[in-house]
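Spelled out, the chains give:
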Amino acid sequence: MTASHSSHTSPDGPVTVVVDPGEPPYDAPPVLELRGAMDTGRLGAALDRIAARLPDGPRWRHRITRHGPGHHTVRLTAGTPGGLPVGLLADLLTDRLPAGTVIRALAPSPLQRELMADADAHPGTGRHVEQLTWVWHGPLDPERFTAAWQALFDRESVLRAAFADSPEPRIVLHDHVEADVVRLPHGTDDWAALVERDRRRGLDPRRPGPLRVTVLDGGPAGSATAPPTRVLLTYHHALLDDWSARLLLRGFCRAYLADGRLPGGERRPDLGDHAHWLAGQDTAAAREFWSWAAPPPGAAHSPLPAAEATATGTTVPAPGGTDTSGSTGGTDGTDGTDASGGTGGTDTSDGTGGTGGTDVSGGTGGTGAGTGRARLRLTAGQTARLSAWAAAWGSTESGALQAAWALLLYRAAGSAGRPVPVRFSVALSGRGILLEGAECLPGALRNPLPLSVVVDPRSSVPRLLTALRDRLLDTSAYEWVSAGQIRAWTQAPDRPPGPPGSLVVFEGRPRVLEGVVGELAAQGVRVASPETRGARTAFPLTLVARHHEDGGLVVNVTYDRARFTGVTGLLGHLGRLMRELPRVADESTSIAGVLELLAGGDTAPADPATHTGPAADTDPGVPTGPGACADSGGTRGEGAFPVITLRPARDSAAGTVCLLPSHGNPRRCYDLLARSYRGPEALVLLGSVPRDPRAVYTALRSLAGAGGRLVLAGFSGCGETAYETARLITADGGRPPLLVLAAASAGAGDFARLLEAAARRAG
C-alpha cells in the first residue's frame, strides 16, 4: 500500500522533479528531488494511478524528507527492486490540466489509445488525419455559415475535446471552443494546392477542437461559368471517424437553415456515455472468441507476389507483365476528380460522369517515401450486377469486395494449388452496440478488426462469400474490442507483432442531406455529396469503397509508396474480378477456375475499358514540429531523430544538457530556456517528440560516450521516455544521466537555474 494521502497541503506553484540514479551498480530505486510546493496528496494519488495501471506490479511506499521551503526528497521502496516506473511518476507529478477550461476528463478507449500511439510514433506524416470535401452551389451567407458551425461546437462535446498532454492518456472536455472556420476569397488560392497544403499542416488532437473548416469562395454570383464554392473539413480519426464527419455536416445544415442556431442542449449520448458503456463490458466472451478467430500465424497478407515480397517488398506486377504505373493518362485531382479519360468516363466531384467500363486511375511510378493514391471505379450497371449476384448468394457488395481481395491475397501467396489462410482487416462502424443512440454519436468508433478465411482453390466463390459473411457476423458482436486488445490476448508477450497487412473499408453513410434538400433548394442552394480524401493509416495499403451519386462503385486506395508500386495493376485485377464474378462465379466454377481470368490478363492486352494514369497524390513526408525548420546548428545523430544545437558548450569537457520535446510545448519554449541558461554545458534539442527510448538512445549514443556528463531534461510528458533512455545507457555500461522534469507552466528562468544546479551536481 502507498502512504496515506488524505491530508495534504495545497500547491501554489509548479513542481520540478530531479531524478538521481544514485551510485553504481544503480540497482536501488532512484531518489526524487522535488523543487516547488509539495503536495503529498498528489504524490500518493500518482502512486495509486501507477498501481492501477500496473495491477500485477508491486506496491511502493514513499518517505518524504523536507530540506527547506519548496525543497523535498522522496525515497521509494517496493517489493521488486528496479520495478518502479520513475519516469511515469515524474510525469504525473509535473502534469497539470489547463486551469479554468476543463469541465470533464475521460479515459480514452483502447482504439483511441492505439490511434494516438501510432500517430505519435510517426510525427509529421499526417497519420490518421482525414479530409472531407464537398461543393456548395448557390449563395452562401458567411456570418450564418460560421454561426452554424459554432452552434454545432457548442452542442457536440466531441468538438470541444482534446487529448491531455499527460503521461497517462485521457481526453479532456472544455466548456467552450471557438470553431476554426477560415474563408478564402475567390481567386486567392488554387483548390488542389489548398487541400494539399491543409493535409500537410495536419491536425493536433491535443488542441481543443478536432475539426477545421476551410471555405474557398466561388466566382461572382450569377455567372454561368463561375466555379462553385468549395468546403473542406479536416479532422483526426482519434476523435472523429468518417461517419461522425457526415453526422456533423448534417447538423451544420440544420443549423444553417435555422439562422445559425441549434435547439436543445448538448447531445446525448456523448463521449462520456460511450466511455461509461465501454467500461462496463465484460471481455471474457471476447477473449474466448478471439482465441480461435484471430488470424493464424503465417496467414497470407500481402497482395505482392510472394517471391517479390520476400526480395524487395516493393513491387506489384501490372496486367500485361509490365508495371504500368508510369503510363500516361490523367490524374486523380485533389478535388476528387478522376480525369483519366477514355471510355471509362470521368468521375467528377459534383456527381456528373460519363459511361463506360471499369475505370482505374492514379497509381505511383517509381519508389520513394510518402503516400500514393489511386482509384477504381465501376459503372452503375456493373455495380448493379455485382450487387444482385452477391445478394443471390446471401451477401452484399461489401462481401463481394472482401472476397475479391481475399482471392488476390491467395493468388499472391503462390500456394501451388493448396488451401491457404489469408488475412486482412475490415472496418466495422462500432455503432452496432447496445447503447441507445450510438448510430447518431459523433466520435472515434469505427474500428479496424482482423478477418481471416481459408481460400481453397477447389471450392467456389459463393462458399467463400458465405465463409466471409459468417465470420464477419461473429466478429460484429465484438466490434468494440480493439486490434491491440486482440493481439494482447492471443500473442505471446515476447513475440513481435506481424505485418499489419491491408485494410478494407466499405463506407456506410448516414443520409446527410435527408430532410434538408428541399429547404436548401428553397434558398437556392444545392450541396453535392461529400467525399473523403483518404487518410494515411497504420496499414501500408487501405481500400475505401463507396457509392457514387450516379450509382457506381468507387474504390479509393491509399498506400505506402516505399512498399508498393504498380498499384494500378493490382486495381486492374481487382476491377476485373468484381466485373467478371457475376458472370462466371457460381457453385459449378472453382476458385482456381476464376483465378484463370487473371492468369490470362497477365499476357493479354489490358481490357479496353480499363485505364491507368500517373500518380494522383504523393506525400514526401515533410517533417513538422520542433525539428522541421532548417537550423544551422542542427545535426542528425545515429538514429532517426535530428539533434539541434540550441547553444554550444563553453567548455569542451562541460557535458551536454539534452532537451526532449513533449506535446503542447512549442519550439520557442526551448529557445527561451536556452537564452536563460548560464551554465557552461551545451544545450541540444531532439528534433521531434520521442516515443521510442531505443531510438532516442541511438540518437544520443555519441553524446553519452563523449566523456562529459549528460543531463536529460524537458517538460511534463517526456519523463517516461527519458527514464527508459537512461536505463538503456546504464545497460550499455554508461553512466546514467541525471533527469530533470519541469511542469509545462514553469518559468524559463526558474527552470534554467534548476538545470544549472543539476548539471553542476552531475559533473
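Just so it is clear, the structure is predicted and the values come from calculations on it, not from any experiment.

> Please clarify how the overall build of the chain should be interpreted in this entry.
Tallying secondary structure elements over the chain gives 20 helices and 26 strands in all. Evaluated residue by residue, the chain yields a buried proportion of 55% over its 763 residues. Put simply, 77% of the contacts in the chain that link residues at least 6 apart link residues at least 24 apart. Summed over all atoms, the accessible surface of the chain reaches about 31,100 Å², with 53% contributed by carbon and sulfur.

> Mind showing me how you'd approach the pattern of salt bridges here?
It is possible for side chains bearing opposite charge to pair when their charged atoms get close. By the definition in use, this model includes 26 salt bridges. Here Glu 266 makes a salt bridge to Arg 160, at a shortest N to O gap of 2.7 Å. You can see Glu 266 sitting in the loop between helix H6 (242-257) and helix H7 (271-279) and its partner Arg 160 sitting in the loop between helix H4 (142-155) and strand E7 (161-163), a full 106 residues away along the chain. A salt bridge links Asp 198 to Arg 212; the nearest nitrogen and oxygen atoms lie 3.0 Å apart. Of this pair, Asp 198 sits in helix H5 (residues 191-201) while Arg 212 sits in strand E10 (residues 211-216); the two residues are 14 residues apart in sequence, bridging distant segments of the chain. Given the relative accessible area of 7%, Asp 198 is considered buried. Residue Arg 212 is classed as buried on the basis of its relative accessible area of 5%. Here the residues in one salt-bridge network are Arg 104, Arg 268, Asp 270 and Asp 273, joined through shared partners.

> Just to check I follow, could you spell out the pairing of strand E25 (residues 710-715) for this structure?
A regular strand places its side chains on the two faces of the sheet in alternate fashion. Among the 6 residues of E25, 6 are classified as buried, and the element is accordingly described as predominantly covered. Going residue by residue along E25, you find Leu 710, Leu 712 and Gly 714 tucked away on one face and Val 711, Ala 713 and Phe 715 tucked away on the opposite face as well. As paired strands, strand E23 (residues 656-660) and E25 are joined by 5 bridges and run parallel to one another. Paired with Thr 656 across the two strands is Leu 710, which belongs to E25.

> Sorry if this is basic, but what is going on with the packing of aromatic side chains here?
The description of an aromatic ring pair rests on the distance of the ring centres and on the angle between the ring planes. The final tally for this structure, using the stated rule, is 12 aromatic pairs. Judged by centre distance (6.3 Å) and plane angle (55°), the rings of Trp 136 and Phe 252 are tilted. Separated by 116 residues along the polypeptide, Trp 136 in strand E6 (residues 129-137) and Phe 252 in helix H6 bring together distant segments of the chain. Accessibility expressed as a relative area gives 0% for Phe 252, which makes it buried. For the pair Trp 277 and Trp 480, a centre-to-centre distance of 6.3 Å together with 85° between the ring planes defines the contact as edge-to-face. Within this pair, whereas Trp 277 is found in helix H7, its partner Trp 480 is found in the loop between helix H12 (461-476) and helix H13 (483-490), the two being separated by 203 residues in sequence. A single burial state applies to Trp 277 and to Trp 480, both of which are buried. In textbook terms, an aromatic cluster arises when at least three aromatic residues are bridged by ring pairs, as seen for Trp 136, Phe 145, Trp 149, Phe 252 and Tyr 256.

> What exactly am I supposed to notice about empty space enclosed by the protein here?
To find leftover empty space, one rolls a probe the size of a water molecule over the atoms. Considering all chains together, one arrives at 6 cavities of 30 Å³ or more under this definition. Lining the second largest cavity are 16 residues, and of these Glu 130, Thr 532, Gly 534, Ala 535 and Val 544 lie nearest its centre. Broken down by secondary-structure element, the contributors of at least two residues to the lining of the second largest cavity are strand E19 (541-547) and strand E20 (553-560). It is E19 that contributes the most residues to the lining of the second largest cavity, 3 residues altogether. A class-by-class count of the residues in the lining of the second largest cavity yields 3 nonpolar, 7 polar and 6 charged.

> Looking at this structure, how should I read unusual backbone geometry?
Peptide bonds are trans in most cases, and residues, glycine excluded, mostly fall at negative phi. The peptide bond linking Arg 268 to Pro 269 adopts the cis configuration, its omega dihedral lying at 0°. Among the secondary structure elements, Pro 269 is positioned in the loop between H6 and H7. Positive phi is not limited to glycine here, since His 128 has a value of about 65°. Mapped onto the secondary structure, His 128 falls in the loop between helix H3 (110-121) and E6.

> Mind showing me how you'd approach H4 here?
In an α-helix, one full turn covers 3.6 residues, which means residues spaced three or four apart are oriented alike. Relative to the 20 Å expected for 14 residues at 1.5 Å per residue, H4 spans 20 Å between its end C-alpha atoms, a close match to the ideal helical length. Those residues of H4 that fall on the buried side of the exposure criterion are Arg 144, Phe 145, Ala 148, Trp 149, Gln 150, Ala 151, Leu 152 and Phe 153. The elements touched by buried residues of H4 are E6, strand E9 (180-184), E10, strand E11 (229-236) and H6. The opening residue of H4 is Asp 141, an N-cap whose side-chain oxygen sits 3.1 Å from the backbone nitrogen of Glu 143.

> For this particular structure, what's the right way to read the pairing of strand E3 (residues 61-68)?
Where E3 lies against strand E4 (residues 71-77), 7 bridges are found, and the strand directions are antiparallel. Along E4, the bridge assignment pairs Arg 61 with Thr 77. Where E3 folds back on E4, the antiparallel hairpin that results is connected by 2 residues, among which Gly 70 adopts a positive phi of roughly 65°.

> How should the packing of helix H8 (residues 284-293) against H12 be read in this particular structure?
In helix packing, the relevant descriptors are the interaxial angle and the interaxial distance, both defined with respect to the helix axes. Two elements in contact, H8 and H12, have axes separated by 11 Å at closest approach and are oriented at 155°. One element, H8, and the other, H12, form an angle in the roughly antiparallel class. As H8 runs across H12, the sense of the crossing is left-handed. Listed contacts from H12 to Phe 289, Trp 290, Trp 292 and Ala 293 of H8 are Arg 471, Asp 474 and Thr 475. Here the contact of H8 with H12 is composed, by residue class, of 4 nonpolar, 1 polar and 2 charged.

> Just checking my understanding: could you explain the nonpolar core for this structure?
If you look at the biggest cluster of nonpolar residues, it comprises 52 residues, and the most contacted ones within it are Trp 405 and Leu 574. Considering every element that reaches this core, the biggest residue donor is helix H11 (residues 397-413), with 10 residues. Beyond its immediate chain neighbours, meaning those up to four positions away, Leu 574 contacts Leu 376, Leu 401, Ala 404, Trp 405, Leu 408 and Leu 543. In this structure, Phe 145, Val 177, Leu 249 and Ala 255 belong to the second largest nonpolar core, which totals 46 residues.

> Can you walk me through the environment of Val 740 in this structure?
Within the element layout of this structure, Val 740 appears in strand E26 (residues 738-742). Residues Val 740 and Ala 90 lie 650 residues apart in sequence; the distance between their C-alpha atoms is 9.0 Å. Discounting chain neighbours no more than four positions away, the residues touching Val 740 are Thr 16, Val 17, Val 18, Val 711, Leu 712, Ala 713, Gly 714, Phe 751, Leu 755 and Ala 758.

> It is not clear to me how the environment of Leu 409 should be interpreted in this structure. Could you clarify?
Checked against the element boundaries, Leu 409 lands in helix H11. Along the sequence, Leu 409 and Ala 299 sit 110 residues apart, while their C-alpha atoms lie 9.7 Å from each other. Among residues more than four places away in sequence, those in contact with Leu 409 are Ala 300, His 301, Ser 302, Pro 303, Val 422, Arg 423 and Phe 424.

> Is there a simple way to explain helix H15 (residues 567-584) in this structure?
Taking 1.5 Å of rise per residue, 18 residues should cover 26 Å, and H15 covers 25 Å from first to last C-alpha, within 8% of that figure. Along H15, the sharpest kink reaches roughly 25°, centred on Met 578 and followed within four residues by the proline Pro 582. Of all 18 residues in H15, 16 are buried, a share of seventy percent or more.

Reading guide: rules and limits
- Residues numbered from 1 in each chain as written.
- Predicted model: local features only at pLDDT ≥ 70, side-chain atom pairs only at ≥ 80, totals over all residues.
- Heavy atoms only, no water.
- Helix = DSSP H or I, 4+ residues; strand = E, 2+ residues; numbered from the N terminus.
- Buried < 20%, exposed > 50% of the residue type's maximum accessible area, 1.4 Å probe, protein only.
- Contact = heavy atoms within 4.5 Å.
- Areas by Shrake-Rupley, 256 points an atom, 1.4 Å probe, with all protein chains shown as cover.
- Salt bridge = Lys/Arg side-chain N within 4 Å of Asp/Glu carboxyl O.
- Pairing = 2+ DSSP bridges.
- Phe/Tyr/Trp six-rings, centres within 6.5 Å; stacked < 30°, edge-to-face > 60°.
- 1 Å grid on protein atoms, 1.4 Å probe; cavity = no way out; pocket = protein on both sides within 12 Å on 5 of 7 lines; lining within 4 Å.
- Points joined across faces, edges and corners; volume = space filled by probe spheres on them.
- Nonpolar A, V, L, I, M, F, W, Y, C, P; charged D, E, K, R; others polar.
- Expected span 1.5 Å × (residues − 1).
- Polar contact = N/O pair within 3.5 Å; in protein donor to acceptor, adjacent residues only side chain to side chain.
- Axes fitted to C-alpha atoms, helices over the stretch in contact; angles between N-to-C directions.
- Parallel < 35°, antiparallel > 145°, perpendicular 65-115°, else oblique.
- Left-handed = near helix turned anticlockwise from the far one by under 90°.
- Core = buried A, V, L, I, M, F, W, Y, C linked by side-chain atoms within 4.5 Å.
- Bend = angle between axes of the 7 residues up to and from the residue.

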